[in-house]
Amino acid sequence: MRKTLLATSIVAAFALPSVSYAQATAAAAPASPHTFTGNVGLVTDYRFRGISQTFKQPALQGGFDYAHASGLYLGTWASNVYGGTNASAMGVNYFNGNMEWDFYGGYKFEAAKDLNLDVGLLYYGYPGAKWGVPTKDKYDNTEIYLGASYKWFSAKYSYALSDYFGANGNTMGTNTYPVTGACGINSAGVATATCLGNTNAGSKGSQYLDLGATFEIGGGYNLVAHVGSLKVKNYSSMNYTDYKIGITKDWVGLTWGAAYIATNAKADLYRTAKIEGGGTLNVKDTSNGALILSVAKTF
């Protein structure tokens, strides 16, 4: 939020006509180098890198950002996620938690005309959430990233400094199997191995590449496209590519959006479940394609 102060001495201008105009009118104060913005939004399903984080249910999200004219910035963002005590101990959920709270900071600068670069650090936090294993590992994840944008095109590379959302030998152990599915099942229908490959290793060094594009198509509409590629260190079976194609439009002070999001992730590994009454599992594939609607406000 930029604030500019402008003061004008009308009385002095009329009372002292011999005084120069520059002296009679106070100069505008210089623009502040500090910018504060906020945002709030509602989505029909919170998809992170193509995977549902809310059991395919709506999410309320929002954050605050600070930027300095030098290019330095800081921010925080939060969303509800699927978890709690009735979530299955495995699958895409945040066991005993229900919130994602992120913190980030970095530096943006123009390297050449229309070419902007961005380097930063991003921490994903899940207050109270811990894996349902004896070691109670956290889901929290820390990444460094390098981004670039040129006119309508953008690219961003992220590298995990921690185990990728807690994936390690404790949480992905030899008894780890999908909620339901065929992973690790031989032709005789017997579970023969873990779904996840190397079960004694961490996942620090996991990588994600994000490519995006935004095109104005007239009438105030924008066409947005994205493709991303995830590589999970030591757990290659968790690798996948995600896609997005959608439109956005600013109307009545809000940004409205609709997008189709899909992945080629292995459903065996990206299912999750809610434990219903009597212990029945309500299972959903959080990786398959879906139409996602959104509305957001920036202030």
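As shown above, the structure is provided for reference.
Calculation criteria
- Residues numbered from 1 in each chain as written.
- Predicted model: local features only at pLDDT ≥ 70, side-chain atom pairs only at ≥ 80, totals over all residues.
- Heavy atoms only, no water.
- Helix = DSSP H or I, 4+ residues; strand = E, 2+ residues; numbered from the N terminus.
- Buried < 20%, exposed > 50% of the residue type's maximum accessible area, 1.4 Å probe, protein only.
- Contact = heavy atoms within 4.5 Å.
- Phe/Tyr/Trp six-rings, centres within 6.5 Å; stacked < 30°, edge-to-face > 60°.
- Lys NZ or Arg CZ within 6 Å of the ring centre and 35° of its normal.
- Pairing = 2+ DSSP bridges.
- Axes fitted to C-alpha atoms, helices over the stretch in contact; angles between N-to-C directions.
- Polar contact = N/O pair within 3.5 Å; in protein donor to acceptor, adjacent residues only side chain to side chain.
- Salt bridge = Lys/Arg side-chain N within 4 Å of Asp/Glu carboxyl O.

1. So, the overall build of the protein
Thought 1: Looking only at helices and strands, the protein has two helices and 19 strands in total.
Thought 2: Taking all 299 residues of the protein together, the buried fraction comes to 37%.
Thought 3: Of the contacts made within the protein by residues no fewer than 6 positions apart, 56% connect residues no fewer than 24 positions apart.

2. A look at unusual backbone geometry
Trans is the common state for peptide bonds, and a negative phi is the common state for residues other than glycine.
Thought 1: The phi angle at Arg49 is positive, at roughly 50°, despite the residue not being glycine.
Thought 2: As for its placement among the helices and strands, Arg49 is situated in the loop between β2 (47–48) and β3 (51–52).
Thought 3: Overall, the relative accessible area of 9% leaves Arg49 in the buried class.
Thought 4: The residue Asn234 is not glycine, and still its phi comes out positive at about 70°.

3. A short note on the packing of aromatic side chains
To describe a pair of aromatic rings, you give the distance between the ring centres and the angle between the ring planes.
Thought 1: A full pass over the atoms with the stated rule returns 18 aromatic pairs.
Thought 2: Geometrically, the ring pair formed by Trp152 and Phe153 is edge-to-face, given 6.2 Å between the ring centres and 80° between the ring planes.
Thought 3: The class of Trp152 is partly exposed, set by a relative accessible area of 48%.
Thought 4: What links up through ring pairs into an aromatic cluster is the set Phe48, Tyr94, Tyr124, Tyr126, Trp131, Tyr139, Tyr164 and Phe165.
Thought 5: Here the guanidinium or amino end of Lys108 rests over the ring plane of Tyr73, the centre of that ring lying 5.2 Å away.
Thought 6: Positioned over the ring face of Tyr145 is Lys156, at 4.3 Å from the centre of the ring.

4. Quick word on the sheet that holds strand β14 (residues 221–231)
Thought 1: With antiparallel pairing, twelve strands are arranged side by side around a closed barrel as β1-β4-β5-β9-β10-β11-β12-β13-β14-β15-β16-β19. Neighbour to neighbour, the strand axes of the sheet diverge by 20° on average, direction disregarded.
Thought 2: Two elements, strand β1 (residues 34–43) and strand β4 (residues 59–68), share ten bridges in a ladder whose sense is antiparallel. Residue pairing across strands places Thr35 opposite Ala67, the latter belonging to β4.

5. What to know about the side chain of Gln53
Thought 1: Topologically, Gln53 is positioned in the loop between β3 and β4.
Thought 2: Gln53 sits in the buried class, given a relative accessible area of 3%.
Thought 3: In terms of polar contacts, Gln53 uses its side chain to reach the backbone carbonyl oxygen of Ile51, at 3.0 Å.
Thought 4: Here Gln53 is in contact with Asp45, Tyr46, Phe48, Val81, Tyr82, Val92 and Tyr94, once residues within four sequence places are set aside.

6. Section: the pattern of salt bridges
Thought 1: Evaluation of the coordinates by the stated rule reveals three salt bridges.
Thought 2: Of the charged contacts in the structure, one is a salt bridge between Asp45 and Arg47, with a shortest N-O distance of 2.9 Å.
Thought 3: Here Asp45 falls in the buried class, since its relative accessible area comes to 5%.

7. Description of the environment of Leu74
Thought 1: Looking at where Leu74 falls in the secondary structure, it is placed in strand β5 (residues 72–80).
Thought 2: Given a relative accessible area of 52%, Leu74 falls into the exposed group.
Thought 3: A C-alpha to C-alpha distance of 5.8 Å links Leu74 and Tyr104, two positions 30 residues apart in sequence.

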